[in-house]
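# Observations on the model geometry
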Amino acid sequence: MGVKPQHKIPTINLSKRNLISSTSSWLSTCDEVRQALEEYGCFVATYDKVSPQLHDSIFGEAKELFDLPTDVKMKNISDKPYFGYIGNHPLIPPLHESLGIANSTTLEAAQSFTNLMWPSSGNDHFCETVLSYARRVSELEKMVKRMVFESYGVAENVHTDKSFLTILHQNEVNGLEIETKDGDWIGFEPLPSSFLVMAGDALLAWSNGRIYSAPHRVVMSGTKPRYSLGLFSYHDGTIEIPHELIDEQHPLQFKSFDHYGLLNYFSTAPNADSTAKAYCGV
Ligand SMILES: O=C(O)CCC(=O)C(=O)O
Ligand SMILES: [Fe+2]
């Protein structure tokens, strides 16, 4: 049962500049990705967003990290199994060590891990490198997930609303979930008298970034039909960012914007990480 020479892990180029949703190149790459995962369970992604410099930096940082004394590395604990420090674990081959950094795409998580490992001297270079690397690899993960969903024609319905406010009122069947800032999902449990009032991207921009426009999705189980009534508010004309919401702690993050312009922009660029930032961010 050795390695059969005629089999090769498929390689897929995910660096291409023309990997833009809905183009023929995007759609054919979605199919390539799905086929590779169905057949081999894996593929090699060629991905140029991690530059050769970043590649060298992250492996340099990894060496420096694992060269720290064991008692320092052991301070990385987590309530999730395998997320903390692993060394000399009975179920894991000897000489294996690992350190997990949960939510490593956020500055807070990268900083707190760095401070834990280098409490007295700090290590800005490590923190910046981890953050930059994690964000780029996370983009790759998001892109592959979207490709698999699209190739099967399954709508991945995670989104933020483009409204100013959304008010949802639904029957007794659960399903709506809201993503917290930490990336956890919390379910909405409707009652006849409860209305879910939710901020949209226009309110996020108007508030100069103070208000959180929560990503949300609907996850259905069971066969009972679910009905949801929604009011989505939109404003005619230009929305200005109130000067009361701009100060030293909150420098201007958004330009004044046309609300329907934001909606139109979303229809042409539905995959932007943040529609408000991409459309009217400073
Ligand atoms: O079905 C729901 O309750 C949510 C629908 C929704 O998020 C939307 O239409 O923007
Ligand atoms: Fe929504």
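Because the structure is a prediction, the values reported are computed rather than measured. (Residues numbered from 1 in each chain as written. Chains lettered and ligands numbered in written order. Predicted model: local features only at pLDDT ≥ 70, side-chain atom pairs only at ≥ 80, totals over all residues. Heavy atoms only, no water.)

## Brief notes about the packing of aromatic side chains
- If you walk through the whole model with that rule in mind, you get five aromatic pairs.
- Taking 4.8 Å as the distance between ring centres and 55 degrees as the angle between the ring planes, the aromatic pair formed by W118 and F126 counts as tilted. Comparing W118 with F126 shows no difference in burial state: the two are buried.
- Ring centres of F164 and W206 lie 6.0 Å apart, and the angle between their planes is 65 degrees; this geometry places the pair in the edge-to-face category. You can see F164 sitting in the loop between α5 (124-151) and β5 (165-170) and its partner W206 sitting in helix α6 (residues 201-206), a full 42 residues away along the chain.
- F164 gets classed as buried once you look at its relative accessible area, which sits at 15%.
- Taking relative accessible area as the criterion, W206 reaches 29% and is therefore assigned partly exposed.
- The structure contains a cluster of three or more aromatic residues connected by ring pairs, namely F113, W118 and F126.
- If you follow R34 out to its NZ or CZ, it ends over the ring of Y152, 5.6 Å from the centre.
- Positioned over the ring face of F266 is K162, at 4.5 Å from the centre of the ring. (Phe/Tyr/Trp six-rings, centres within 6.5 Å; stacked < 30°, edge-to-face > 60°. Buried < 20%, exposed > 50% of the residue type's maximum accessible area, 1.4 Å probe, protein only. Helix = DSSP H or I, 4+ residues; strand = E, 2+ residues; numbered from the N terminus. Lys NZ or Arg CZ within 6 Å of the ring centre and 35° of its normal.)

## Examining the sheet that holds strand β8 (residues 196-199)
- Across the sheet, three strands lie side by side as β8-β5-β10; this open sheet has antiparallel pairing. Across the chains shown, the open sheet's two edge strands, defined by having one partner strand only, are β8 and β10 (228-232). Neighbour-to-neighbour, the strand axes of the sheet open up by a mean angle of 20 degrees, direction not taken into account.
- The pairing of β5 with β8 spans four bridges and is antiparallel. Within β8, the position partnered with L165 by the bridge is A199. (Pairing = 2+ DSSP bridges. Axes fitted to C-alpha atoms, helices over the stretch in contact; angles between N-to-C directions.)

## Some words on the sheet that holds strand β6 (residues 176-179)
- An order of β7-β6-β9 is seen for the three strands of this open sheet, with the pairing classed as antiparallel. What marks the edges here is a single partner per strand, and that holds for β7 (185-187) and β9 (216-218). Going from strand to strand, the sheet's axes swing by 30 degrees on average, the running direction of each strand aside.
- Across three bridges, β6 lies against β7 in antiparallel orientation. The partner of E179 across the bridge, within β7, is W185.

## A closer look at the pattern of salt bridges
- What the rule picks out here adds up to ten salt bridges.
- A salt bridge links E172 to K224, with the shortest nitrogen-to-oxygen separation between them at 3.1 Å. Of this pair, E172 sits in the loop between β5 and β6 while K224 is found in the loop between β9 and β10, placing the two residues 52 residues apart along the sequence.
- The class for E172 is exposed, based on a relative accessible area of 52%.
- If you follow the salt bridges from partner to partner, you end up with D31, R34 and E38 in one network. (Salt bridge = Lys/Arg side-chain N within 4 Å of Asp/Glu carboxyl O.)

## Side note on the site of ligand 1
- Residues in contact with ligand 1, as listed here, are H159, D161, L168, L176, H216, V218, R226, S228 and F232.
- Between ligand 1 and S228 there is a distance of 2.8 Å, counted from an oxygen atom to a side-chain nitrogen or oxygen.
- About the coverage of ligand 1: the protein hides 75% of its 290 Å² of free accessible area.
- Only β9 and β10 provide two or more residues apiece to the shell around ligand 1.
- Residues belonging to the shell around ligand 1 are distributed by class as follows: four nonpolar, three polar and two charged. (Near = heavy atom within 4 Å. Polar contact = N/O pair within 3.5 Å; in protein donor to acceptor, adjacent residues only side chain to side chain. Areas by Shrake-Rupley, 256 points an atom, 1.4 Å probe, with all protein chains shown as cover. Nonpolar A, V, L, I, M, F, W, Y, C, P; charged D, E, K, R; others polar.)

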